[in-house]
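Now for the letters of each chain:
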Amino acid sequence: MLGVVPSPTLVSDAVAARLRLFLDRMREESIDYGPDAMGLLDSAADTLVGGKRLRARFCHAGWQAVARFRDRDAQESTALWDVCAALEIFQSAALVHDDLIDNSDTRRGRPAAHRALESTHREAGWVGDAAAFGRSSAILLGDLLVAWSDDLLEDAIDPLPHAAAVRREYGRMRRDVTVGQFLDIAEESAWSVHATDSHVERALRVVSLKSARYSIEQPLVLGAAIAGGADDQLDALRRFGRPVGMAFQLRDDVLGVYGDAAVTGKPAGDDLREGKRTVLVALTRETLDTSARNLFDEMLGDPDLTAEQVAFLQATISGSGALDRVERMIDVYAKDADRALSGARLDNAAVGDLRDLARAATVRSA
């Protein structure tokens, strides 16, 4: 779980309220689509339940760092909360597509969206392949969520004097995530034709594009842009957010191998069964001799790995020293982020909040 951070309830409650209003509007505007389409809207709403609201919290923190540097009494606007909510909708879209790509059965301890849609087909007694329906519908569900995210963002920023800066950052975020997701998929095949000593660099590129910028850096900058942040303030937040995001994803990779399923809501060793070519895997392969590396590669990505085989791979990774090296990388990134805030023209209280959020994002068990 994330650690104790400033005002998590404030952010979560405000985002939940804005999401409820938006969903009510979407249902009202979609009533003529018919009952089957309304079922898709209900599925979209289901994906927005739960989660840590991490991106919304960093967006709020970025706004606070700039707005309260100028005015200690600055108050959050509905535009800010709507952008925070738009980020959470986009995150849901990414998770729907991610679970489909990874063929994951669960998300947050519940059936993944494509599995839930598969069950809807089966329970309704419809003809045809329920699993194929679930997969196809999940693609469209993710697309709908992306559209909703854009709709809410555009409505929110329309009256803002800094709308263009927010729009540019949001557009860059969407492109980065999409390309990063592709590179993540590609690496599961492309690794075999690239030298082993290039795999860490390639994995770090995926980390940066797919997660680091999108999870931490860009939400921070979006919040600061809403507040009309100056170039030096945005730069400080980028220099802080990028390494925090890198550390966040490296921690996620560790949890994907060693996490407790009861805490993470995902099966233990899920990344091993999916064959994720993470930094952890790349560092492991560098230390193994040819025979051990071949066995490691043969097992990695087998969806039918037994608990014993998962334990063997976990032990191989730990024994190679890769886990310790990733933990050291996380520590270095965290220190780099901390230094980026020193002397920055940002609200002092917000800087303290940012440091707490960074610790919560990188020292966690889920």
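Residues numbered from 1 in each chain as written. Predicted model: local features only at pLDDT ≥ 70, side-chain atom pairs only at ≥ 80, totals over all residues. Heavy atoms only, no water.

Caption draft 1: Expanded view of the overall build of the protein chain. Scanning the protein chain from terminus to terminus reveals 16 helices and two strands. For 366 residues, the compact-globule formula gives about 21 Å, and the C-alpha radius of gyration of the protein chain, at 21 Å, lands near that figure. Once the C-alpha set of the protein chain is aligned to its principal axes, its extents read approximately 60 × 60 × 35 Å. With 366 residues in all, the protein chain has 54% of them scored as buried. In the protein chain, of all internal contacts separated by at least 6 residues, the share reaching a separation of at least 24 is 77%. Within the structure as shown, the protein chain displays about 16300 Å² of accessible surface, and the carbon and sulfur contribution to it stands at 53%. (Helix = DSSP H or I, 4+ residues; strand = E, 2+ residues; numbered from the N terminus. Rg over C-alpha atoms; globule rule 2.2 N^0.38 Å. Buried < 20%, exposed > 50% of the residue type's maximum accessible area, 1.4 Å probe, protein only. Contact = heavy atoms within 4.5 Å. Areas by Shrake-Rupley, 256 points an atom, 1.4 Å probe, with all protein chains shown as cover.)

Caption draft 2: Geometry of the nonpolar core. Phe 58, Trp 148 and Phe 240 are the most contacted members of the largest nonpolar core, which has 78 residues in total. Sequence-distant contacts of Phe 58, defined by excluding residues within four places in its chain, comprise Ser 215, Ile 216, Pro 219, Leu 220, Phe 240, Val 244, Leu 357, Ala 358 and Ala 361. Counting 30 residues, the second-largest nonpolar core is a separate cluster that includes Ala 212, Leu 250, Val 279 and Ala 322. (Core = buried A, V, L, I, M, F, W, Y, C linked by side-chain atoms within 4.5 Å.)

Caption draft 3: How the structure looks around the side chain of Glu 187. Structurally, Glu 187 can be placed in helix α7 (residues 163-190). Overall, Glu 187 belongs to the buried group, its relative accessible area being 5%. A distance of 2.8 Å separates a polar atom in the side chain of Glu 187 from a polar atom in the side chain of Arg 202. Setting aside anything within four residues of it in sequence, one finds Glu 187 in contact with Arg 202 and Arg 277. (Polar contact = N/O pair within 3.5 Å; in protein donor to acceptor, adjacent residues only side chain to side chain.)

Caption draft 4: Region of the structure containing unusual backbone geometry. Residues other than glycine seldom take positive phi values, yet Arg 53 does so here, at roughly 55 degrees. Mapping Arg 53 onto the fold places it in the loop between α2 (35-47) and α3 (54-70). On the basis of relative accessibility, which here comes to 9%, the residue Arg 53 falls in the buried class. If you check the backbone angles, Asn 103 has positive phi at about 60 degrees while not being a glycine. Note that Asn 103 resides in the loop between α4 (78-102) and β1 (106-107).

Caption draft 5: Just α3, in detail. The end-to-end C-alpha separation of α3 is 25 Å, in line with the 24 Å expected for 17 residues at 1.5 Å each. Among the 17 residues of α3, 15 are classified as buried, and the element is accordingly described as predominantly covered. (Expected span 1.5 Å × (residues − 1).)

Caption draft 6: Summary view of the state of the cysteines. This structure, assessed with the given rule, holds zero disulfides. Of the cysteine sulfurs around Cys 84, a residue in no disulfide, the closest is that of Cys 59, at 3.9 Å. (Disulfide = S-S within 2.5 Å.)

Caption draft 7: Focus on the packing of aromatic side chains. Applying the stated criterion to the full structure yields four aromatic pairs. Ring geometry for Phe 90 against Tyr 214: centres 5.7 Å apart, planes inclined by 80 degrees, an arrangement best described as edge-to-face. Of this pair, Phe 90 sits in helix α4 while Tyr 214 is found in helix α8 (residues 199-226), placing the two residues 124 residues apart along the sequence. For Phe 90, a relative accessible area of 5% puts it in the buried group. Under the relative-accessibility criterion, Tyr 214 is labelled buried at 3%. Centroid distance Trp 126 to Phe 133: 5.4 Å. Interplanar angle 85 degrees. Geometry classified as edge-to-face. (Phe/Tyr/Trp six-rings, centres within 6.5 Å; stacked < 30°, edge-to-face > 60°.)

Caption draft 8: Region of the structure containing the packing of α3 against helix α9 (residues 231-258). It is at 12 Å that the axes of α3 and α9 come closest, and there the two elements cross at 155 degrees. Between α3 and α9, the angle falls in the class roughly antiparallel. Here α3 runs over α9; the crossing is right-handed. For the pair α3 and α9, contact is made by Leu 54, Arg 55, Phe 58, Gly 62, Val 66 and Phe 69 and by Gln 233, Leu 237, Phe 240, Val 244 and Phe 248, respectively. Of the residues belonging to the contact of α3 with α9, the class tally is eight nonpolar, two polar and one charged. (Axes fitted to C-alpha atoms, helices over the stretch in contact; angles between N-to-C directions. Parallel < 35°, antiparallel > 145°, perpendicular 65-115°, else oblique. Left-handed = near helix turned anticlockwise from the far one by under 90°. Nonpolar A, V, L, I, M, F, W, Y, C, P; charged D, E, K, R; others polar.)

Caption draft 9: Quick peek at α2. Between its first and last C-alpha, α2 extends 19 Å over 13 residues, near the 18 Å set by a 1.5 Å rise per residue. Of all the residues in α2, the buried ones are Met 38, Leu 41, Ser 43, Ala 44, Ala 45 and Thr 47. Of the surrounding elements, those touching the buried residues of α2 are α1 (8-29), α4, α5 (113-124) and α6 (130-157).

Caption draft 10: Region of the structure containing the pattern of salt bridges. Tallied over the full model, the rule gives 34 salt bridges. Of the charged contacts, one joins Arg 339 and Asp 336 as a salt bridge, the two residues approaching to 2.3 Å between their closest N and O atoms. Taken together, the residues span about one helical turn, with Arg 339 and Asp 336 both in helix α15 (residues 322-340) at a distance of three residues. Relative accessible area serves as the criterion here: at 52%, Arg 339 is assigned to the exposed category. Since its relative accessible area comes to 30%, Asp 336 is described here as partly exposed. The network of salt bridges with common partners includes Asp 98, Asp 102, Asp 184, Glu 188, Lys 210 and Lys 276. (Salt bridge = Lys/Arg side-chain N within 4 Å of Asp/Glu carboxyl O.)

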